[in-house]
Amino acid sequence: MGITARGVGLLVAAVALLGVGFRYAYPELALLGTAAVVAVGYAVVSAAWRPRLEVTRSADPDRVARGESARMTVTVRNAGRLRAANLLAEDRCGATTVPVPVLRLRPGRDTTVDYEVPTRRRGVVPVGPLRVTRRDPLGLVALSRPYGGTVPVWVHPRVHPLRAVPTGAGRSLEGRSDSVPHGSITFDSLREYVVGDELRRVHWRTSARVGELMVRENVDTSLPRIVVLLDNRAVAHPERVDGVAESFEAACEAAASVVTAAVRDDLPVVLLLVAPGEDRADEPPLDRLAAVELADGGEEALRASTGRLRQDRGGDTLVFLTGPGGREHLGQVGALRGAYPSVLVAVFGADGPTPSGTAGLVVVDAADGADFAAEWDGVRRW
């Protein structure tokens, strides 16, 4: 509860009038001072009345890519039965506020406001709660209360289309290796029996037809498992524009593009962060990319992350996305080439090309997410 400037002035006047009236025996001044005190007391009681309001809100949609349109609809209903709600209200939307017209809202009536949610930046935009301010008729006291909960709007990084994701390696049991798109042990062909072949591989129906033993030849089509490692260390993205690390935003767009392409092709993919921070592993990858922020951590954080990757070996294709500050630590990623047959490093926002063959890695220098997508097709079979 807060007393307005008018209320403060009236209180000061009341004290002065009462003091002078009683000190110098002026009953008229004392009466005016008493009336001023009563007015302030009435204002406190009037503003303290809590209206019964029901607030509902919905986002359409609640998940969008950066720059796409999202709208919030807020409905405020006066659930009281006796009096109209003489109120001022505003809805919190991220760092801004939106006025909601609830002045003299009658019992049983409702009002609805629809407004655009800002999606210029990646992130999770909290919308709500509704802040309702109750004032007395004299404007002496104002009391603000929150109504309703908070609804998040997820602003995902932009997704740039990628033509393809890495293909699996088909390893024949006889030593042949081919490129295949899906993974399993599948039938490939028939050939003549040679000494040493297992009898359980003999295809008896074909053998009876051709008059000699024929055996099945199978192919192990290994499904590619993709690990996307996003470098979210502040030291890897030192440059800021209006407080935003554009190289990190570009890395998030690249991560979203790789994850989306893998899901589109039904390939297993996992998103990891160099500096994990709050555990959000159970959330969808695009939601995690909307919420991820830069965190503290130097080379030690990258060393710990690559150590876990070497130990767990979560895939056979590793995509490491970093900024200009991460180039000096690429040796830690290069040490993973023994555990991951395919390793690609993308450096965003660098002021010059990364030296060719750094740590024996395939390195792509990209200005932003769209540039990365354009370079991807040329290196996707690394």
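Rules of the game
- Residues numbered from 1 in each chain as written.
- Predicted model: local features only at pLDDT ≥ 70, side-chain atom pairs only at ≥ 80, totals over all residues.
- Heavy atoms only, no water.
- Pairing = 2+ DSSP bridges.
- Helix = DSSP H or I, 4+ residues; strand = E, 2+ residues; numbered from the N terminus.
- Axes fitted to C-alpha atoms, helices over the stretch in contact; angles between N-to-C directions.
- Contact = heavy atoms within 4.5 Å.
- Core = buried A, V, L, I, M, F, W, Y, C linked by side-chain atoms within 4.5 Å.
- Buried < 20%, exposed > 50% of the residue type's maximum accessible area, 1.4 Å probe, protein only.
- Expected span 1.5 Å × (residues − 1).
- Arc of directions from axis to C-beta.
- UniProt positions renumbered as here; feature names shortened; annotations may be inferred.

A. Spatial organisation of the pairing of strand β9 (residues 123-135). When β9 meets strand β11 (residues 151-156), the two strands line up antiparallel, connected through 5 bridges. For Pro126, the partnering residue across the bridge sits in β11 and is Pro152. Pairing analysis gives 6 bridges linking β9 to strand β10 (residues 141-147), with the strands arranged antiparallel. Paired with Arg131 across the strands is Pro146, a residue of β10. Linking β9 to β10, which pair antiparallel, is a turn of 5 residues; within it Gly139 sits at a positive phi near 70°.

B. Local environment of the sheet that holds strand β18 (residues 317-322). Read across the open sheet, the 5 strands follow the order β17-β16-β18-β19-β20; overall the sheet is parallel. In the strand order of this sheet, the two ends are held by β17 (269-273) and β20 (362-366), each with one partner. The mean inter-strand angle of the sheet, taken between neighbouring strand axes irrespective of direction, is 20°. Alignment of strand β16 (residues 226-230) against β18, held across 5 bridges, turns out to be parallel. Within β18, the position partnered with Leu229 by the bridge is Phe320. Along the sheet face, helix α4 (residues 246-264) touches β16, β17, β18 and β19 (342-348) and points at about 165° away from the line of β16. Docked against the sheet, helix α6 (residues 299-312) engages β16, β17 and β18, running at close to 170° with respect to β16.

C. Fine view of the sheet that holds strand β4 (residues 71-78). Across the sheet, 3 strands lie side by side as β2-β4-β8; this open sheet has antiparallel pairing. Only two strands of the sheet have a single neighbouring strand rather than two, namely β2 (53-60) and β8 (110-116). Strand-to-strand twist in this sheet, taken as the mean axis angle between neighbours without regard to direction, amounts to 15°. Examined bridge by bridge, β2 and β4 share 8 bridges and lie antiparallel to one another. Following the sheet pairing, Thr56 is matched in β4 by Thr75.

D. Geometry of the environment of Ala36. Following the sequence through the fold, Ala36 ends up in helix α2 (residues 27-48). With near-sequence residues (within four places) excluded, Ala36 lies in contact with Leu10 and Ala14.

E. Here's a closer look at the nonpolar core. Core analysis: the biggest nonpolar cluster contains 31 residues, and Val228, Leu230, Leu321, Phe348 and Phe372 have the highest contact counts within it. It is α4 that contributes the most residues to this core, 11 residues altogether. Ignoring anything within four residues of it in the chain, the contact list for Val228 reads Ala255, Val258, Val259, Val269, Val270, Leu271, Leu272, Val319 and Leu321. Judged by nonpolar contacts, the second largest core, of 24 residues, contains Leu87, Tyr115, Val125 and Val153.

F. Inspection of α6 at higher detail. In this model, α6 (14 residues) spans 20 Å end to end at C-alpha, consistent with the 20 Å of a helix rising 1.5 Å per residue. If you check which residues of α6 are buried, you get Ala301, Leu302, Ser305, Thr306 and Leu309. Within α6, the buried residues cover an arc of 125° as seen down the axis, which keeps them to one side. The exposed set on the far side of α6, more than 90 degrees from its buried face, consists of Glu300 and Gln311. In this structure, the buried side of α6 is in contact with β16, β17, β18 and α7 (330-334).

G. View of the UniProt feature "transmembrane region" (unreviewed entry) in the chain. Annotation from UniProt places "transmembrane region" (unreviewed entry) at residues 7-25 and 31-49. Taken end to end, residues 7-25 is 89% helix and 0% strand, and its first and last C-alpha atoms sit 26 Å apart. Its end C-alpha atoms 27 Å apart, residues 31-49 is made of 95% helix and 0% strand.

H. Quick look at the side chain of Asp231. Considering the arrangement of structural elements, one finds Asp231 in the loop between β16 and α4. Classification of Asp231 by relative accessible area gives buried; the value is 0%.

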